[in-house]
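Notes for the structure review
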Amino acid sequence: MIKLEHISKWVTTAGLRTFLLKDINLTINEGEFLSIMGPSGSGKSTLLNVIGMLDDANEGEYNFLGQPIHTLKEKQRSQLYKQYIGFVFQAYHLIDELTVYENIETPLLYQDTKSAERKAMVADILDRFNIVGKKDLFPSQLSGGQQQLVGIARALISSPKLILADEPTGNLNSKQGEEIMDLFRKLNEEDGVTIIQVTHSEKNAGYGNRIIHLLDGRIEQPR
Amino acid sequence: MIKNYFRVALRNLWRNKIFSGINIAGLSVGLACCMLILLYLKDEVSFDRFHKNQAQIYRIISQISSPDGKVNKNGITGMMPGPEFKASIPEIESFVRLQGNGYTIKHNSEIYDQPVLVVDDNFFSVFSFPLVEGSAANAFSDMHNVVLTEATAKKYFGNKKAVGQVLNLKNGDKFEPFVVSAVAKNIPQNSSIQFEMLVPMKFVQSQNNDTEWINFFLNTFVVLKPGTDWQKVAAKFDKVFEVKAADQIKQAAEKYNFKEKISFGLQPLLDIHLSTEYTAQNGLDKASNPVYSYILSGIAIFILLIACINFINLTVSRSLKRAKEIGIRKVVGGQRKQLVMQFLGESMILSLISFVLALVLVFLILPVFNSLANKSLAFSYLADAPLIIGYIALFLITGLLAGFYPAMVLSGFNPVQTLYGRQRFTGKNYLSKGMVVFQFSLACLLIIATIVIYSQFNYLMKFDLGYNVKNVGRVNVGNIDKEKLALFGNELMKNPAIEKVTANQGGRWGTIAQVNNGTDISFDFKIIDHNYFPLFEIPIVQGRNFSPDLASDTAEGAIVNQSFVEKAGWKNPIGEKVDFFYNKKKYTVIGVIRDYHYQSLAEKIQPQLFITNPAYKYGDVFIKFKPASIASVQPYIAATFKNFFPVQPYQFNSKELDTASQYESELKWKQMITFSAILTIFISCIGLFGLATFAAEKRTKEIGIRKVLGASIPVIVRTLSTDFLKLVLLSTLIASPVAWWVMNKWLDNYPYRIQITWWVFGLTILLATGIALLTISYQAIRAAMANPVNSLKTE
């Protein structure tokens, strides 16, 4: 599904190149649940953003579902990730001005889904996540765990093949964290969604079926 | 999708009340100004368009060029050009003459002063003034017919049918009955031809048939055949004039030493209203200087522009708060185009709200605006297709102008940077600063203009005119001779509060005479009596005043002013002769008065000559009374007046107010500029307030750290304020030279003017920075007082 070859990314400050990612080679197959680990500043989030096409690599080749991403134009890329990728963030990143319902609906709006269909899809996912009663609340009226549930619901609404989660439990207490991780495992096992998560916790990494470690922009021990 | 945008936009507006309030306030004021100006302009260009034949109607104009190259342009002619040009030039279908005049009317033993328009019989077939009673064909079937407007008919006859009723018009010494033949609809306000009553020209001609070509006192309109090139017609005038008036031209040259060259032309009817060369006069009204249109439009556009700048600046500085939302929208699949649409939609909604509010504002301030702009515009004028299109265009342009740039900036944010909190404002944000400087430069420009106009106005009002008009009243007595004046004066003087009485011939007269044995000199001349100079406290600097006891004084004595002496080049003026060669009369100078400003200070003092020759009659009587006695003398004057002049309408005018009324145009400028200065400053300041609010928010963390490190509140307030104050200071520096130049240009119109001194700029700097500081300091102090614990914990 994903094939990264010799991916490097750097920033230049005062003529000096600082590598964020250096010569990353990585293949991820459909149905995998991959955990990326590593200390702060090791390039985990950068790698995730490159995979999610939010960021460009400076060098290397990136193939996603057989498409050479590094040669595509902005518009084609956004078309791709709109269709196949869902994002989950540590800080949830819900839109404060929108209700739970509207937050979940937003990706569908951008995909020009018809109104009736939209209603059915949002109702379906609210039901699945047991948050029907919260649909008219604003994010500030929810607990962290509930907000993250909404975040995941939003990521799933357009039935993506791949979910990218950047420390999804980082702001949650352990009980809430476990619930979220259980949800991810269920999605992976029952719905066959490919998941890539960035995490600090060995325990959370254990939910996945493969772990890579990053240090100073390099993959340390590919398994 | 659109519903969703709409909802988000409204929620955003509601949540950011300061932001929305500032923008809506600014934009609605700006839009209201522009709407008013559109109304004003529409009215200006609509003048006289309602006449069905307007494309064929032209006015005959005249130019009088003197040998020294001076050209005097006039929109008026005498009686002759109309009929004579029509007789000789086949393209002229018809002509109609109209002249403003006034008649004294007696009705039910009441006496009225009635302004009238004297017109030719075909008036109603040339101009489209609909009649409500009577018929156009029979309006002037008899020369003792008059036509009234509805309002005038109501004034004289109440709700009774006016046609067939009789009004008595004073002709010479007796009243003659005139029958009302028709009643016209009230005249639309956008008409150059305004009248209350029409009197037939043939009646005036029957009294005095003026066949002089070299005499200019009425408006002559011609109707050209359809499709005629009016310039070709105009080119034929001078030849006709030279042939038909040959004798008169020759006579004038011999008798009056008339050397001027007269030439005639045409002016399209629609050009009259805004013409600065050939203005509406002698029966035409409401002339308007297009400069007012330009300046008013300019100011309105600037105010709207400043409001748009507020919107742009505030939206961009607020964008950091919205960065996260933008990032999320992009991550979940929003394309830039879709985001641009969303933000543009938001600015459109804001403009729409402002637009509606602006309509309400227009409705509320229309009466004030009318008095300021000398108009009678009505809100109902809005029901007009081009105007509505104009307003919609105004709304769209405002929405786009204000929304486009922020939409581009906001939608360009990189989601990775915004979501990971790495978004920084790179660069120094020159655009936003530049726009603040632009706003405040305009505001300063208007502040300086206001101060200068105020000072000049004050200067004119307090100017020592060289004579005293305090406690002087003026009444118009029609036409009386010396004996009658003496009787009237004596009767008035019986009241102990009345100190002096004098009179002059009504109106302002200029003439030409010869001095130094044959040199022409033109001057203003006045018929007065011996009390004139003492009453107005005008000092005699050489010679003496007229003496009523010396027959030679009344017959051939003259007093001149210093300007006259100067122009005549006299070393010793007393005893010099002034030769009125055309009526073979010589006057001897017996005294010289100090120059005084008998006209508005917008004019230089002209040479003046005064005589008391009893051959002339008196029109205006001046009454000087003791200070603070006006209330008690007025009824006495009125009663005496009624006794002496039972058929003359009585009106008491204060000479002081007469003088002040010369400065109406200055007063209007003053009001207009003050008004716009206040608006500009207000809108600029609410913008600055918004910017300061966001700046304080953006720097909450910095302020928290500074406080923890020991910075005091004043230090923090200063840190927050200086950035903005520097910009305002820069604006005053930019505005000052521009304002200095512009205002000097304006002052150049006045022969008596102030000099712009440095304190004007000092005061402006003080005002601008003071107002700005007040605006900013609220936010700065609030931010500085905040507990650092709160601001630092949130990170």
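As a convention, each chain's residues are numbered from 1 in the sequence order in which they are written. Lettering for chains starts from A, numbering for ligands starts from 1, and both go in the order in which the items are written. Reporting of local features is limited, given that this is a predicted model, to residues whose pLDDT is at least 70; pairs of side-chain atoms are given and counted only at 80 or more, and all residues count toward the totals for whole chains, interfaces and linings.

**Thoughts on the overall build of chain A**
Runs of H or I in DSSP of at least four residues are treated as helices and runs of E of at least two as strands, each being numbered from the N terminus. Within chain A one finds 7 helices and 10 strands. Scored against the burial criterion, the 223 residues of chain A give a buried share of 42%. Residues are treated as contacting if the C-beta atoms built from their backbones sit within 7 Å of each other. Counting only contacts in chain A whose residues sit at least 6 apart along the sequence, the fraction spanning at least 24 positions is 70%. Any residue whose C-beta has 12 or fewer other C-beta atoms within 10 Å is treated as exposed, any with 20 or more as buried, and any in between as partly exposed, C-beta atoms being built from the backbone.

**Some details on the overall build of chain B**
When its secondary structure is counted, chain B shows 24 helices and 22 strands. A total of 795 residues make up chain B; the buried ones form 37% of that total.

**Here we look at the interface of chain B and chain A**
Across the boundary between the two partners, chain B contributes 19 residues, which contact 18 residues of chain A. When residues of the side of chain B that touches chain A are traced back to their parent elements, those giving at least two are α1 (2-15), α9 (290-331) and α12 (415-419) of chain B.

**A short note on the packing of helix α22 (residues 713-747) of chain B against helix α23 (residues 758-785) of chain B**
For any two helices packed against each other, one specifies the inter-axial angle together with the distance between the axes. All names here are of chain B. Orientation is described by axes fitted as lines to C-alpha atoms, over the contacting stretch for helices, and by angles from 0 to 180 degrees between their N-to-C directions. Orientation of α22 relative to α23, taken along the N-to-C sense of each, is 150°, at an axis distance of 8 Å. Comparing their axes, α23 and α22 come out roughly antiparallel. The chirality of how α22 crosses α23 is right-handed. Under the scheme applied, nonpolar residues are Ala, Val, Leu, Ile, Met, Phe, Trp, Tyr, Cys and Pro; charged residues are Asp, Glu, Lys and Arg; polar residues are all the others, including Gly. Residues that form the contact of α22 with α23 fall into these classes: 19 nonpolar, 7 polar and no charged. We call two directions roughly parallel when the angle between them is under 35 degrees, roughly antiparallel when it is over 145, roughly perpendicular when it lies between 65 and 115, and oblique otherwise. Helix crossings fall into two classes, left-handed where the near helix is turned counterclockwise from the far one by less than a right angle and right-handed where it is turned clockwise.

**Structural notes on the pairing of strand β6 (residues 85-89) of chain A**
All names here are of chain A. Buried residues dominate β6, accounting for 5 of its 5 residues. Residues Ile85, Phe87 and Phe89 of β6 are buried on one face, and the alternating residues Gly86 and Val88, pointing to the opposite face, are buried as well. The sheet contact formed by β6 and strand β7 (residues 162-166) spans 5 bridges and is parallel. Within β7, the residue paired with Ile85 across the bridge is Leu162. Whether two strands pair depends on DSSP finding at least two bridges between them.

**Let's talk about the packing of helix α13 (residues 430-462) of chain B against α22 of chain B**
All names here are of chain B. The interhelical angle for the contact between α13 and α22, taken along N-to-C directions, is 40°, at an axis separation of 7 Å. Between α13 and α22, the angle is such that the two are oblique. Of the two possible hands of crossing, α13 and α22 adopt the one that is right-handed. Counting all contacts with α13, which are made through Lys433, Val436, Val437, Phe440, Ser441, Cys444, Leu445, Ile448, Ala449, Val452 and Gln456, the residues of α22 involved are Leu727, Val728, Leu730, Ser731, Thr732, Ile734, Ala735, Val738, Ala739, Met743 and Leu747. Grouping the amino acids of the contact of α13 with α22 by side-chain chemistry returns 17 nonpolar, 4 polar and 1 charged.

**Comments concerning the sheet that holds β7 of chain A**
Residues and elements named next belong to chain A. The sheet built from 6 strands is open, its strands ordered β6-β7-β8-β3-β9-β10 with mixed pairing. At either margin of the open sheet sits one strand with a lone partner, and together these are β6 and β10 (218-219). By the bridge criterion, 5 bridges tie β7 to strand β8 (residues 194-198) in an arrangement that is parallel. Across the sheet, Asp166 pairs through a bridge with Val198, a residue of β8.

**Some words on the domain arrangement of chain B**
Domain extents, as shown, originate in an automatic or database domain assignment. Considered domain by domain, chain B is made up of domain 1 (1-44 + 291-426), domain 2 (54-271) and domain 3 (472-662). For domain 1 of chain B and domain 2 of chain B, the distance between their C-alpha centres works out to 51 Å.

**Here we look at the sheet that holds strand β4 (residues 59-64) of chain A**
On the basis of which strands lie adjacent, the open sheet formed by 4 strands has the order β2-β1-β4-β5 (chain A) and antiparallel pairing. Sheet topology places β2 (16-28) and β5 (67-68) of chain A at the edges, where each strand pairs with a single neighbour.

**Comments concerning the confidence of the model for chain B**
Per residue, pLDDT measures the predictor's confidence, with a range of 0 to 100. Per-residue confidence for chain B averages 87 on the pLDDT scale, and 98% of its residues sit at or above 70. Under the prediction, the complex receives an ipTM of 0.84, its pTM being 0.78.

**A word on the nonpolar core**
A general trend in soluble globular proteins is that nonpolar side chains are found buried together. In this description, a nonpolar core means buried residues of the types Ala, Val, Leu, Ile, Met, Phe, Trp, Tyr and Cys, linked to one another by C-beta atoms lying within 7 Å. Counting 86 residues, the largest nonpolar core has Met35, Ile303, Ile448 and Ala449 of chain B as its most contacted members. When residues of this core are traced back to their parent elements, those giving at least two are α2 (17-45), α9, α10 (336-373), α11 (385-411), α13, α20 (664-698), α22 and α23 of chain B. Listed in part, the 62 residues of the second largest apolar core include Val100, Val122 and Ile195 of chain A together with Leu419 of chain B.

**Some remarks on unusual backbone geometry**
The backbone of Leu65 of chain A shows a phi angle near 50°, a positive value even though the residue is not glycine. Assignment of secondary structure puts Leu65 of chain A in the loop between β4 and β5. By C-beta crowding, Leu65 of chain A is classed as partly exposed, having 14 other C-beta atoms within 10 Å. One non-glycine residue, Asn471 of chain B, lies in positive phi territory at about 55°. Relative to the elements of secondary structure, Asn471 of chain B occurs in the loop between α13 and β12 (472-480).

**Considering helix α18 (residues 630-644) of chain B**
An ideal rise of 1.5 Å per residue puts 21 Å on 15 residues; α18 of chain B measures up with 21 Å between its terminal C-alpha atoms. As for α18 of chain B, its buried residues are in contact with β12, α14 (482-493), β13 (498-504), β21 (618-625) and β22 (652-654) of chain B. Multiplying 1.5 Å by the helix residue count minus one yields the expected span of that helix.

**Some thoughts on the environment of Asn145 of chain B**
Residues and elements named next belong to chain B. When you line up the elements, Asn145 lands in strand β6 (residues 145-149). Overall, Asn145 belongs to the buried group, with 21 C-beta atoms counted inside 10 Å. Each C-alpha atom of the pair Asn145 and Ser665 lies 38 Å from the other, and the pair is 520 residues apart in sequence. With residues near it in sequence (within four places) discarded, Asn145 still touches Ala139, Phe140, Phe178, Val179, Ser181 and Pro200.

**Observations concerning the pairing of β7 of chain A**
All names here are of chain A. Counting buried positions over the 5 residues of β7 gives 5, a clear majority of the element. In β7, alternate side chains face the same way, and those of Leu162, Leu164 and Asp166 on one face and Ile163 and Ala165 on the other are all buried. Note on handedness: a crossover is taken as right-handed if, strands pointing away from the viewer, the path from the first strand over the helix to the second is clockwise. Crossover handedness for the path β7 to helix α6 (residues 174-191) to β8: right-handed.

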